[in-house]
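Observations on chain architecture
Each chain, written out:
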Amino acid sequence: MNDNHRQDTIDVYIVDADAAQRRVLAGLIAGSGADRYQAVPCATSEEALAAGCDSSRAIMLADIDTIGGAGHIAKMAGTSSRVIATSAAGSLNVAVAAVKAGAFDFLPKPIGAKALLQGLEAAVSSWNGSVETAAAKDTPARPSRPAAPSTTAASEEADFAGFVGRSPAMHAVYEQIRRMAPSRAPVFITGESGTGKEVAAEAIHRHAGTGDRPFVALNCSAIPRELMESEIFGHVRGAFTGASDNRAGAAELANGGTLFLDELAEMDLGPQAKLLRFIQTGNFRRVGGNELKQVDVRIVSATNRDPFAEVEAGRFRADLFYRLHVLPIALPPLRDRGEDILPLAEAFLRRYAREEGRGFRGFDSEAAALIRACAWPGNVRQLQNVVRRIVVLHDGSEATAAMLPPDLTGNVPLAPSPVTAGVRPARTPDAIVPYRDQERLIIESALAAFDGNIPRAAAALEISASTIYRKRQTWLDRLSA
């Protein structure tokens with residue numbers, strides 16, 4: 001280790017059998033401009049463990065092949081250290097296996113300087129809880145549109161660019177955004193209503209380095225057919241009844257930045273043809289005007305429908321779809337990222353408690369179990385609305401199950417938890433709770449006690465973490481059936 005190592009630096013152990021990779025990553029860390037990081041190259045996991053990587057506040061960049069596979073990640077991570085897994089096989093399966101095995105994050109090779117620094121900063125943020133990431137420091141506010149409901153404090157709670165969630169499914173989305181953002185190619189986002197399609201579009205815009213340029217969002221489902229062309233391309237005075245002034249459209253306002261076309265599959269075929277022409281040439285005329293205008297915009301589209309089914313049904317032009325469906329992103333529904341549900345609810349609770357001047361700090365164990373067990377057909381937006389309703393209508397230090405909407409608790413009938421209430425013999429046949437329900441209550445209560453940490457809950461229950469993953473998937477399947 002370097003003799004000039006300072007007390008305030010954070011050790012970054014580069015565990016990779018490839019000497020060239022160790023040199024490259026060490027060089028990126030040294031040239032990052034962040035003086036708090038000290039690279040410690042290690043050729044083997046044994047060398048890293050001997051150097052104390054698992055017993056201090058350290059970060060490990062661990063090549064999966066070097067350490068013997070994802071199954072060896074857990075033994076490298078100490079109570080205060082973070083493992084960022086790396087691999088030249090950057091497939092989703094490899095990323096999921098690494099995160100499930102205990103990795104904090106996954107970076108596919110080759111690793112760029114920006115992605116590396118963001119990964120290190122995120123690891124540090126997970127210790128401090130309020131450390132501002134380098135990306136956030138460098139991202140100016142967008143002057144072109146009103147501020148989103150999320151406040152600065154709320155953005156600090158985010159795990160990635162406005163998203164809250166560390167599930168494997170969301171890590172895969174974050175990596176897609178990082179890779180797609182620098183390109184100028186169109187991005188097509190699909191996902192159920194409430195999954196965060198506009199958040200993803202804004203993340204692409206910011207990570208493209210265009211945070212100081214306009215981001216213009218247009219909800220195609222909210223615009224009447226006769227006004228769609230005017231909303232996109234603008235109009236001149238007298239073009240139609242009510243056009244009393246010249247007006248720029250969304251395409252013109254977004255010049256140099258990003259135009260986000262939300263719920264694009266709701267657009268009628270007529271405007272779709274004119275949109276296709278604009279995407280092909282970058283040229284357009286305002287409604288009623290003769291002047292040919294040209295703009296340079298990045299197109300990001302989104303829909304909550306199945307676009308292939310819409311094309312097959314003739315409601316979505318195939319030529320337009322294939323012009324836009326270049327870089328696809330599929331956002332997972334909330335029911336498929338169960339480990340993110342409670343962290344999301346807690347982030348919303350803190351945000352709205354600040355906004356409304358309430359004293360909420362968290363959920364009690366019963367409320368937490370109910371929130372985790374719900375299928376959330378309205379996804380993140382439904383969860384957000386439920387939490388806001390709790391904060392507005394109630395007060396206290398903990399949100400309780402009684403504060404949840406009756407329709408929500410009615411969907412997930414849970415008996416008192418045997419973990420919190422104590423397991424007592426049933427004295428009458430009617431008081432017997434089925435074994436599978438008791439098993440679920442025990443697991444959910446343990447997860448609530450450990451803030452959703454599956455490995456810790458499994459250790460306390462003396463079962464394997466894979467058992468909890470399997471059980472939760474069974475419950476989700478039962479709810480969605």
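Scoring rules and cut-offs
- By convention here, each chain's residues receive numbers from 1 onward along its written sequence.
- The model is predicted, so local features are restricted to residues of pLDDT at least 70 and side-chain atom pairs to those at 80 or more, both for listing and for counting; the totals for chains, interfaces and linings are taken over all residues.
- Note that the side-chain values use all heavy atoms of the structure and ignore hydrogens as well as water.
- Throughout, nonpolar core names a set of buried Ala, Val, Leu, Ile, Met, Phe, Trp, Tyr and Cys residues whose side chains join them through atoms within 4.5 Å.
- Classification of residues uses two cut-offs on accessible area relative to the type maximum, computed with a 1.4 Å probe and protein chains only: under 20% is buried, over 50% is exposed, and between them is partly exposed.
- Numbered from the N terminus, helices here are DSSP runs of H or I no shorter than four residues, and strands are runs of E no shorter than two.
- Contacts are residue-level and defined by heavy atoms, with any inter-residue pair within 4.5 Å sufficient.
- A helix is expected to span 1.5 Å multiplied by its residue count minus one.
- A residue's pLDDT is the predictor's confidence in that residue, given on a scale from 0 to 100.
- Strand pairing follows a simple DSSP-based rule, namely that at least 2 bridges must link the two strands.
- Fitted lines through C-alpha atoms serve as axes, helices being fitted only where they are in contact, and the angles separating the N-to-C directions of these axes extend from 0 to 180 degrees.

Moving on, we get to the nonpolar core. With 31 residues, the main nonpolar core has Phe 363, Trp 376 and Leu 383 as its most contacted residues. For this core, the secondary structure elements donating two or more residues are helix H16 (341–356), helix H17 (365–373) and helix H18 (379–393). Looking at which element gives the most residues to this core, the answer is H16, with nine residues. If near-sequence neighbours (up to four positions away) are discounted, Phe 363 is found in contact with Leu 342, Ala 345, Glu 346, Leu 349, Ala 368, Ile 371, Val 387, Ile 390, Glu 398 and Ala 399. Listed in part, the 28 residues of the second largest apolar core include Ile 232, Phe 233, Phe 278 and Val 297.

With that settled, consider helix H21 (residues 435–449). Between its first and last C-alpha, H21 extends 21 Å over 15 residues, near the 21 Å set by a 1.5 Å rise per residue. Among the residues making up H21, those that are buried are Glu 439, Arg 440, Leu 441, Ile 443, Glu 444, Ser 445, Ala 446, Leu 447 and Ala 448.

Quick look at the confidence of the model for the chain now. Low-pLDDT portions of the prediction should not be read for the details of their coordinates. When pLDDT is averaged along the chain, the result is 80; 80% of the residues meet or exceed 70. Note that residues 129–156 has pLDDT below 50 and, in this model, 35 contacts with residues that lie over four places away or in other chains. Here residues 411–425 scores under 50 on pLDDT; set against residues more than four positions off or in separate chains, the count is 22 contacts.

As a further point, take the sheet that holds strand E6 (residues 187–190). If you walk across this open sheet you meet the five strands as E7-E10-E13-E6-E14, and the pairing is parallel. Strands with a single pairing partner mark the edges of an open sheet, and in this sheet they are strand E7 (215–219) and strand E14 (327–330). Looking at each pair of strands side by side, their axes are set apart by 15° on average, direction ignored. Of the strand pairs in this sheet, E6 and strand E13 (residues 298–303) are connected by four bridges, and their pairing is parallel. Each bridged residue has a counterpart across the sheet, and for Thr 190 the counterpart in E13 is Thr 303. Packing of helix H9 (residues 168–180) onto the sheet brings it into contact with E6, E13 and E14, and relative to E14 it is tilted by some 160°.

Let us now look at the side chain of His 207. Turning to its location among the elements, His 207 is positioned in helix H10 (residues 197–207). In contact with His 207, other than residues within four places in its own chain, are Lys 114, Gln 118, Phe 160, Ala 161 and Ala 181.

So, on to the sheet that holds strand E4 (residues 82–87). Strand order in this open sheet of five strands is E2-E1-E3-E4-E5, and the pairing throughout is parallel. Single-partner strands in this sheet number two, and they are strand E2 (37–42) and strand E5 (105–108). Looking at each pair of strands side by side, their axes are set apart by 20° on average, direction ignored. The pairing of strand E3 (residues 59–63) with E4 spans five bridges and is classified as parallel. The partner of Leu 61 across the bridge, within E4, is Ile 84.

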